[in-house]
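# Fold and contact review
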Amino acid sequence: VFRRERPRHDKLDARLIEKEAALLAEQRAKHFSAQLLIREMVNKDLPLFIIFMLQGAWYEFLVDVYKHLGDKTPAWQRAEKLTRALIWSLQPGAGDKRMMASLPGHVREMCDSLDFETGYVVEALADLEGEYESIRAGTPSDACDFDLLEANDSLGSGALTIPEHLYKQIREFEGDQWFLY
């Protein structure tokens, strides 16, 4: 590589690495968020608008929490607990009035504490609060059949491997060698 092209190649290297790292982080966040919802929603009776909320705004919220803060943080653990509580609170016979009264507030409190946009989740809480009102009035919405989100199992299981001979070739490359033909 010519000396005057070196800064350009370095910028391209850095940009490519940054872009691929962001893409991988997004994929992992989507995978683990979907896995959480699948685990908690399977075999549960849920009304249509709550399914839309969980697989829409709530899923995006989980993706954002995972992407921005990671899964080893108190924020992710809190999001997991809120997910479990939200789904459990809507199950037939589980109508704990104190939980129904406090859960939307806990979600708003968490949203307020985060450093990224969460307004879409707060807006989606209207569906949850509407369902709680119906439960309190004795007319809960009917449960609907639904398809679970899809999650690529190979992403989280570590099943993605590189053949040894290819890994050896990659390790032998010099820094800018892959830009050359």
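These numbers were taken from a predicted model, which means no experiment stands behind them.

## A look at the packing of helix H2 (residues 48-69) against helix H5 (residues 119-136)
- Look at H2 against H5: their axes get within 10 Å of each other, and the N-to-C directions meet at 150°. With respect to each other, H2 and H5 are oriented roughly antiparallel. Two packed elements cross with a definite hand, and for H2 against H5 that hand is left-handed. Note on element contacts: H5 touches H2 through Tyr-120, Val-121, Ala-124, Asp-127, Leu-128 and Glu-131, opposite Phe-49, Ile-50, Met-53, Ala-57, Trp-58, Glu-60, Phe-61 and Asp-64.

## Considerations on the packing of helix H4 (residues 97-113) against H5
- Packing of H4 against H5 leaves a shortest axis separation of 10 Å and a crossing angle of 175°. Classified by the interaxial angle, the pair formed by H4 and H5 is roughly antiparallel. For the pair H4 and H5, contact is made by Met-100, Ala-101, Leu-103, Pro-104, Val-107, Arg-108 and Cys-111 and by Val-121, Val-122, Leu-125, Leu-128, Glu-129, Tyr-132, Ile-135 and Arg-136, respectively.
- A class-by-class count of the residues in the contact of H4 with H5 yields 12 nonpolar, no polar and 3 charged.

## Thoughts on the nonpolar core
- Core analysis: the largest hydrophobic core is formed by 38 residues, its most contacted members being Leu-46, Leu-54, Trp-58, Phe-61, Val-65, Met-110 and Leu-128.
- Looking at which element gives the most residues to this core, the answer is H2, with 12 residues.
- Among all residues touching Met-110, those that are not within four sequence positions of it are Phe-61, Val-65, Ala-75, Arg-78, Ala-79 and Leu-82.

## Here we look at unusual backbone geometry
- Positive phi, close to 60°, is recorded for Asn-43, a residue that is not glycine.
- The residue Asn-43 is located in the loop between helix H1 (6-41) and strand S1 (46-47) in this model.
- Look at Asn-43 and you get exposed, because its relative accessible area is 76%.

How each quantity is defined
- Residues numbered from 1 in each chain as written.
- Predicted model: local features only at pLDDT ≥ 70, side-chain atom pairs only at ≥ 80, totals over all residues.
- Heavy atoms only, no water.
- Axes fitted to C-alpha atoms, helices over the stretch in contact; angles between N-to-C directions.
- Helix = DSSP H or I, 4+ residues; strand = E, 2+ residues; numbered from the N terminus.
- Parallel < 35°, antiparallel > 145°, perpendicular 65-115°, else oblique.
- Left-handed = near helix turned anticlockwise from the far one by under 90°.
- Contact = heavy atoms within 4.5 Å.
- Nonpolar A, V, L, I, M, F, W, Y, C, P; charged D, E, K, R; others polar.
- Core = buried A, V, L, I, M, F, W, Y, C linked by side-chain atoms within 4.5 Å.
- Buried < 20%, exposed > 50% of the residue type's maximum accessible area, 1.4 Å probe, protein only.

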